[in-house]
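# What the coordinates show
Okay, here's what each chain looks like letter by letter:
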Amino acid sequence: MTEFSALKNLSARVGADPLLVQAAGGNTSLKHEGVMWIKASGTWLGDAASKDIFVPLNHSALLAALAKSDPACEACTDFVVADLNATGLRPSIETTVHALMPQRVVVHVHCVNTIAWAVRSDAEQQLAGKLRDFNWAFIPYARPGLPLANAISARLNPGVDVLVLGNHGVVVAAETVVEAEALLDRVVKTLARPVRAAVPPDLAALHLLCEGTDYAPAESNETHALATDAFALERGKNSVFYPDHVVFLGVGVATEIESEAALVALPGKGVLIRKGAKPAIEPMGRCLADVMRRVEAEDPLTALNAEAIDRLVNWDAEKYRQGLNVGT
Ligand SMILES: [Zn+2]
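In this text the structure is predicted, and so the values were computed from the model without any measurement.

Our focus in this paragraph is the sheet that holds strand β9 (residues 263–266). Pairing in this open sheet of three strands is antiparallel, and the strands run β8-β10-β9 from one edge to the other. Every other strand in the sheet has two partners, leaving β8 (215–217) and β9 as the edge strands with one partner each. Adjacent strand axes in the sheet meet at a mean angle of 30 degrees, parallel and antiparallel pairs treated alike. Bridging between β8 and strand β10 (residues 270–274) involves three bridges; their strand directions are antiparallel. By the bridge assignment for β10, P217 is matched with L272.

Our next topic: the state of the cysteines. One pass over the full model with this rule turns up zero disulfides. No disulfide involves C111; its sulfur sits 9.6 Å from that of C287, the nearest cysteine. With a relative accessible area of 0%, C111 lands in the buried category.

What follows deals with the packing of aromatic side chains. The geometry of two aromatic rings is summed up by the distance between their centres and the angle between their planes. One pass over the full model with this rule turns up two aromatic pairs. Ring centres 5.3 Å apart and planes at 45 degrees place the aromatic pair F4 and W37 in the tilted group. Pair noted here: F4 is in helix α1 (residues 3–15) and W37 is in strand β2 (residues 35–39), with a separation of 33 residues, a long-range link. Of the two residues examined, F4 and W37, each falls in the buried class. Taking the centre distance of 5.4 Å and the plane angle of 75 degrees together, the rings of F4 and F54 count as edge-to-face. In this pair, F4 is assigned in helix α1 and F54 in strand β3 (residues 54–58), connecting sequence segments 50 residues apart. With a relative accessible area of 2%, F54 lands in the buried category.

As a further point, take the sheet that holds β3. Across the sheet, which stays open at both edges, the seven strands sit in the order β3-β2-β1-β4-β7-β6-β5 with mixed pairing between neighbours. The open sheet has two free edges, formed respectively by β3 and β5 (136–139), since each of these has just one partner strand. Averaged over all neighbouring strand pairs, the angle between strand axes comes to 15 degrees, with direction disregarded. With four bridges connecting them, β5 and strand β6 (residues 162–165) associate as parallel partners. Pairing of I139 across the sheet is with L165, part of β6.

Further remarks concern the pattern of salt bridges. Following the criterion strictly, the structure yields 13 salt bridges and no others. Close ionic contact of D122 with R120 constitutes a salt bridge, the shortest N to O distance being 2.8 Å. The two residues D122 and R120 agree in class, both being buried. A salt bridge links R120 to D299; the nearest nitrogen and oxygen atoms lie 3.2 Å apart. Here R120, found in the loop between α4 (112–118) and α5 (123–130), pairs with D299, found in the loop between α12 (281–292) and α13 (306–313); they are 179 residues apart in sequence, far enough to count as distant. The pair formed by R120 and D299 is uniform in burial state, with each residue classed as buried. Bridged by salt links that share partners, the residues R120, D122, R193 and D299 form one connected network.

Right, let's talk about the environment of P91 for a bit. Among the structural elements, P91 can be located in the loop between α2 (59–67) and α3 (95–100). Residue class for P91 comes out buried when judged on its relative accessible area of 3%. Residues contacting P91, with those up to four places away along its chain left out, are I38, K39, A40, S41, V55, L57, A75, C76, T77 and V80.

Conventions used here
Residues numbered from 1 in each chain as written. Predicted model: local features only at pLDDT ≥ 70, side-chain atom pairs only at ≥ 80, totals over all residues. Heavy atoms only, no water. Pairing = 2+ DSSP bridges. Helix = DSSP H or I, 4+ residues; strand = E, 2+ residues; numbered from the N terminus. Axes fitted to C-alpha atoms, helices over the stretch in contact; angles between N-to-C directions. Disulfide = S-S within 2.5 Å. Buried < 20%, exposed > 50% of the residue type's maximum accessible area, 1.4 Å probe, protein only. Phe/Tyr/Trp six-rings, centres within 6.5 Å; stacked < 30°, edge-to-face > 60°. Salt bridge = Lys/Arg side-chain N within 4 Å of Asp/Glu carboxyl O. Contact = heavy atoms within 4.5 Å.

So, in structure tokens, the structure goes:
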């Protein structure tokens, strides 16, 4: 099996694990003979084995542009090798992260156990103890594109193969797919946190409330936990802790059907999803519940501020990714 097929299989595996990847989040890449193949923006890693979702980029041209903070590195479309780009898709909005890592294989996921650490205001100190046996760096939150690239460049020492991105996720890098998978597994196990059980929803009450509305109960108990775990909703409903939350769900979490939001968490009862909502909505609701069930009452959390949210949702590359996710 070629290294590229191995990467596609690994991508499909991590893409199928809701504790690692939700909807179009996360991305993988492989550098081969000067070309960096990276997941296309707006596509789902879980589809990597069955669909063509990788875009080829000129790696050295991208690195040269990054070195001078060229604005072309925001969307990275200028570096696509058109002759090899069968799908015509754009590269991931997190392409710069992959380009900066010198290793051939890079895997970036929104691991909920990592995020449960990365949303703490003392994340770097906490992680320093946990990850002492790794060659890692903590990268304070920055919007993907050039800001995140600059934040990584400032802390990327030779040999570093694990990045924890504040209020975001984790990156691992290795020379082979097998090594990258083993490293990811080791990091995820090291950062595992105790998790409160998901309290089942009151389905009878939810079905009654949905009558005559455009809503239906969420499919999984893990999603319902956003509403049935009192602490999850209390900490999660007014804050934005990581980028994909605000991109897909908006600021905070709606708690009333009258809001007409795509996702509504009814305290103590369960979660409703609006019919026809984007397929990313339930995975994003579940992600927040999965993270919050791994956070405890006394944990000091830090959320994205209004300025960070504004810079993210009004970023052109992010708007493009959203356009691809419209539909069923
Ligand atoms: Zn990400």
